[in-house]
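Working through the structure, step by step
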Amino acid sequence: MNLIIKLLISTIVVFVLSYFLPGVHVTNLTGALMVAVVLGLLNTFLKPILVLLTIPVTLLTLGLFLLIINAIIILICDYFIVEFRVDGFLTALIFSVLLSITQSILNKIFVSED
């Protein structure tokens, strides 16, 4: 049940951020759902590999390079989903930061700690 709640939270946050953040475009709610699913899959399978490959740079930048990795994940998601478009790297970076913060707050509120 927690997985479904997290997926719905991600979908709603992606959809709402696309209205408030210029440069992020989601055509419909189905597109936002696909973005949430693909981001979840990319964060599960691809992100650990990227983090492992960039450990020296991440340590050198005191972890700030992880923001760059998150933006790259957003841009990869943009490549795979037709209904989702991000205009540039800076927009992807801002979107990833806002998405992470909002998801963290809403998951703390709505997802149980079972």
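This section reports on the structure supplied with the text.

Reading the values: rules and limits
Residues numbered from 1 in each chain as written. Predicted model: local features only at pLDDT ≥ 70, side-chain atom pairs only at ≥ 80, totals over all residues. Heavy atoms only, no water. Helix = DSSP H or I, 4+ residues; strand = E, 2+ residues; numbered from the N terminus. Contact = heavy atoms within 4.5 Å. Expected span 1.5 Å × (residues − 1). Buried < 20%, exposed > 50% of the residue type's maximum accessible area, 1.4 Å probe, protein only. Phe/Tyr/Trp six-rings, centres within 6.5 Å; stacked < 30°, edge-to-face > 60°.

Re the environment of Leu29
As for its placement among the helices and strands, Leu29 is situated in helix α2 (residues 29-45). Note: C-alpha distance between Leu29 and Val16 (13 residues apart in sequence) is 9.9 Å. Setting aside its immediate chain neighbours within four residues, Leu29 contacts Thr11 and Phe15.

Topic: helix α6 (residues 89-110)
An ideal rise of 1.5 Å per residue puts 32 Å on 22 residues; α6 measures up with 31 Å between its terminal C-alpha atoms. Along α6, the residues that are buried comprise Thr91, Ala92, Leu93, Phe95, Ser96 and Leu99. Along its buried surface, α6 packs onto α1 (2-20), β1 (24-26), α2, α5 (65-80) and β2 (84-86).

Things to note about the packing of aromatic side chains
Scanning the model with the defined rule gives 3 aromatic pairs in all. An angle of 85 degrees between the planes, with centres 5.3 Å apart, marks the rings of Phe15 and Tyr19 as edge-to-face. One end of the pair, Phe15, and the other, Tyr19, are both in helix α1, 4 residues apart, so they sit about a helical turn from each other. Judged by relative accessible area, Tyr19 falls into the exposed class, the value being 64%. The interplanar angle of 45 degrees and the centroid separation of 5.9 Å between the aromatic rings of Phe84 and Phe95 together place this pair among those described as tilted. Placement of Phe84 in strand β2 and of Phe95 in helix α6 is noted, with a sequence separation of 11 residues between them. The two residues Phe84 and Phe95 agree in class, both being buried.

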